Amino acid sequence: MKEHFYLTDDLAIINFDMACPTTKSGLLKTEEFRELTLRYLDYLKGRYPELYSWALAGKEPREAVTELCRVCRTALVLDIEEIDNPYLQDRESFLDFVEKYFDFWKNHQRYSVTTNRLGNMESTAFVNQDSEFNHLVRDTFRTLEQTLMGSKNRVYRQQPSGTNGAIACYRREETNLSERYSFLNGIMFIDSIMLRTPMILHPKSNKREGMFVETEKNPAYTFSGSPEEYFCYPAKVGTLMIFICFHRDFMANGISCANLFELAGADEALGKPDGIVIFGNPDGENSCTFYHDRDEDLWVGSVSSSRKVEYFGYMKKMVLTIHNAIMIQRGWLPIHGAFIDITLNGGQKKGICLMGDSGAGKSETIEALKKIGEGRIKKMEIVFDDMGTFHMEDGIPYAQGTETGAFVRLDDLDPGAPYRDMNRSIFFNPDQANSRVITPAARYDEIIKNHRIDLFAYANNYDDGLGMRQFDNMEDAAATFISGRRMAKGTTQETGLSETFFANPFGPMQMQEKCMPVIREMFDCLNDTGTYIGEVYTHLGLNPEGEDIMKAAEALIEFIERE
């Protein structure tokens, strides 16, 4: 990023390598502050015309900005009665101007960026620098406010006034890939991230639409964006390395990955990645596609730039689609579901996997399990909350996870659940329907371990059965899982009863021919090793407000209690 300051209507990125004021007066002197003030005047013009007229005071906007900044700098050091300026004749309007300015700034998503200038990638200097900037901005506005009021505040609220987060970056000198991926040389790779949590984001979109389509056209050939406008989050997705290259307009999506995917260090990101995702591709195609570069055995995903892809699900699911395509190619089976290791107070321990498409009731069943199991469950470890894999070693089926966090609907959780981890969480449109939260859930070293599978159940949200049942016939079992039936709850564009191949539209559906032999082999292995294969009845498509899901949770507890 070459600019000192990148500013849009709702985003501000400050390049601390080029601009980082250290004094209140210095902050108000910067070109960045003047640029922000001009934007603020435009904001006032449409919403508060009387205050806009007061701020202009008959001047041109740039002239007014110069005078307003000068008066503010003077007010930082002199008593208000000592300043002779026409703006101060209406101190009430001036105070209103300053307070609305602070709100205007805080309504932006705000981030700082710095590079490894000192050669120490382990340093937390970028955190300290950002924290000092946060204090400076808050102290500047507070001083102006108190000066204009003529009195001190009685209550102080220590809001995140500077930025919502900060990133420290570096550039890769070697891509270990062919010239067609040379754009990676110009992209800033993220080494460390600081988040001010709880973070509340307000993306323009709150739902994912459309499908991810495999294509025969490599997005790397059509990518025309400037690498200087992109950042790369090198993500450890399960055991794979996937470079998530996102345009700075989608900074909120990119740094939110820190709560979901393990961030690879600079030494780990030196080699050839398993996949690349170009997020915010200016190709004008309004599409989400993925491609297998057979020459270099590399999978490439692309999400076209548009406001709707601000919804974090587009980034998460494209990354997981690339992961799943690679794992199918390697003979591993992607599972769209949730896997937990549960240990009861009596010592019984089981690995439980619930599979189903979005809205089937996986997260709700786990929340019900926590409630039913209170006093009976000693330990519950989440291996994956949305996507994982099954594979075989020496004839034994094992599960592994992909994510260290959980991206879930707030409505799917127990009312108290979001608040238990809110200090570490990122919230998306919590005031709207289908609101989401990303919260850390598991350590990376735990999700990539082999976890024995004791129960594999399909989350059935459309039939009126109660509790849980075991399949007697493996053909019937496989047919149920493969059909991927569910009653849509409105988390995507689908409505009513629908079917998705293996309940997984993120790789298996697009690669059915390659996936079918893997499914058959895995079901044979599960059956041969005595794994319980069945379905739990969540009733979420029939009676989402009812308590029937508690019967499914109780059936799961009873299964774990058996020896």
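Now for a quick tour of the structure. (Residues numbered from 1 in each chain as written. Predicted model: local features only at pLDDT ≥ 70, side-chain atom pairs only at ≥ 80, totals over all residues. Heavy atoms only, no water.)

Quick notes on helix 3 (residues 49-56)
Put simply, the rule is: In this scheme, a residue with accessible area under 20% of its type's maximum is buried, one over 50% is exposed, and one in between is partly exposed, where area comes from a 1.4 Å probe on protein chains only. Secondary structure elements follow DSSP: runs of H or I of four or more residues count as helices, runs of E of two or more count as strands, with numbering from the N terminus. Residues are treated as being in contact if the distance between any of their heavy atoms lies within 4.5 Å.
L51, Y52, W54, A55 and L56 are the residues of helix 3 that are buried. Against the buried residues of helix 3 lie helix 2 (31-47), helix 4 (61-77) and helix 5 (91-106). One or two steps after helix 3, the chain reaches A57, where phi turns positive at roughly 50°.

Here's the deal with the side chain of E310
Considering the arrangement of structural elements, one finds E310 in the loop between strand 13 (298-304) and helix 9 (312-329). In this view, E310 contacts P203, K204, F250 and N253; residues no more than four positions away in its chain are not counted.

Examining the pairing of strand 2 (residues 11-15)
What counts is decided by this rule: We treat two strands as partners when DSSP finds at least two bridges between them.
With respect to burial, strand 2 is a largely interior element, 5 of its 5 residues being buried. Burial along strand 2 is two-sided: the residues L11, I13 and N15 and A12 and I14 are all buried. For strand 1 (residues 5-7) and strand 2, the ladder comprises 3 bridges, and the chain directions are antiparallel. Residue pairing for strand 2: Y6 is matched across the bridge by I13. One ladder, built from 5 bridges, connects strand 2 with strand 3 (residues 109-115); its direction is parallel. Looking at the pairing, I13 lines up with Y111 of strand 3.

Observations concerning the sheet that holds strand 21 (residues 436-440)
To keep it simple, the criterion reads: As a rule, the C-alpha atoms of each element are fitted with a line to give its axis, helices using only the stretch in contact, and angles between N-to-C directions run from 0 to 180 degrees.
Sheet architecture is open: 4 strands sit in the order 6-20-21-19, paired in mixed fashion. With partners counted over all chains shown, the strands left at the sheet margins are strand 6 (199-201) and strand 19 (405-409), one partner each. Neighbour-to-neighbour, the strand axes of this sheet turn through a mean angle of 20°, independent of strand direction. Alignment of strand 20 (residues 426-428) against strand 21, held across 3 bridges, turns out to be antiparallel. Within the sheet, the bridge partner assigned to F428 lies in strand 21 and is R436.

Considerations on the environment of L240
On the secondary structure map, L240 appears in strand 9 (residues 240-247). Between the alpha carbons of L240 and M327 there is a distance of 9.2 Å; along the sequence they are 87 residues apart. Each residue touching L240, except ones within four places of it in the same chain, is listed here: A235, D274, H323, I326, M327 and R330.

Notes on the nonpolar core
Put simply, the rule is: The nonpolar core is taken to be a set of buried Ala, Val, Leu, Ile, Met, Phe, Trp, Tyr and Cys residues, with the residues joined through side-chain atoms within 4.5 Å.
Of all hydrophobic cores here, the largest spans 84 residues; its most connected members are F231, M251, F261, F390, F456 and F502. Top element by residues in this core is helix 9. It accounts for 11 residues. Those residues within four positions of F390 in sequence are excluded, and the remaining contacts are W332, L333, I335, C353, Y398, A399, I453, F456, M522 and L526. In terms of nonpolar packing, the next biggest core, distinct from the first, is built from 44 residues, Y52, W54, L136 and V137 among them.

Here's the deal with the environment of E32
Within the secondary structure layout, E32 lies in helix 2. When the C-alpha atoms of E32 and Y6 are compared, they prove to be 9.0 Å apart, with 26 residues separating the residues in sequence. Excluding anything up to four places from it in sequence, E32 contacts H4, F5 and A19.

Considering the pattern of salt bridges
Stated precisely, the cut-off is as follows: For salt bridges, the criterion is a side-chain nitrogen of Lys or Arg within 4 Å of an Asp or Glu carboxyl oxygen.
For the structure shown, the criterion picks out 34 salt bridges. D9 is the partner of R39 in a salt bridge, and the nearest nitrogen-oxygen pair spans 3.2 Å. Placement of the pair is R39 in helix 2 and D9 in the loop between strand 1 and strand 2, with a sequence separation of 30 residues. We classify D9 as exposed; its relative accessible area is 66%. As a salt-bridge pair, R196 and D130 come within 2.6 Å of each other at their nearest N and O atoms. In this pair, R196 sits in the loop between strand 5 (188-195) and strand 6 while D130 sits in helix 6 (residues 125-149), placing the two residues 66 residues apart along the sequence. In this structure, R196 and D130 share a single accessibility class: buried. Beyond isolated ion pairs, a larger network of salt bridges with shared partners links D10, K204, R307 and E310.

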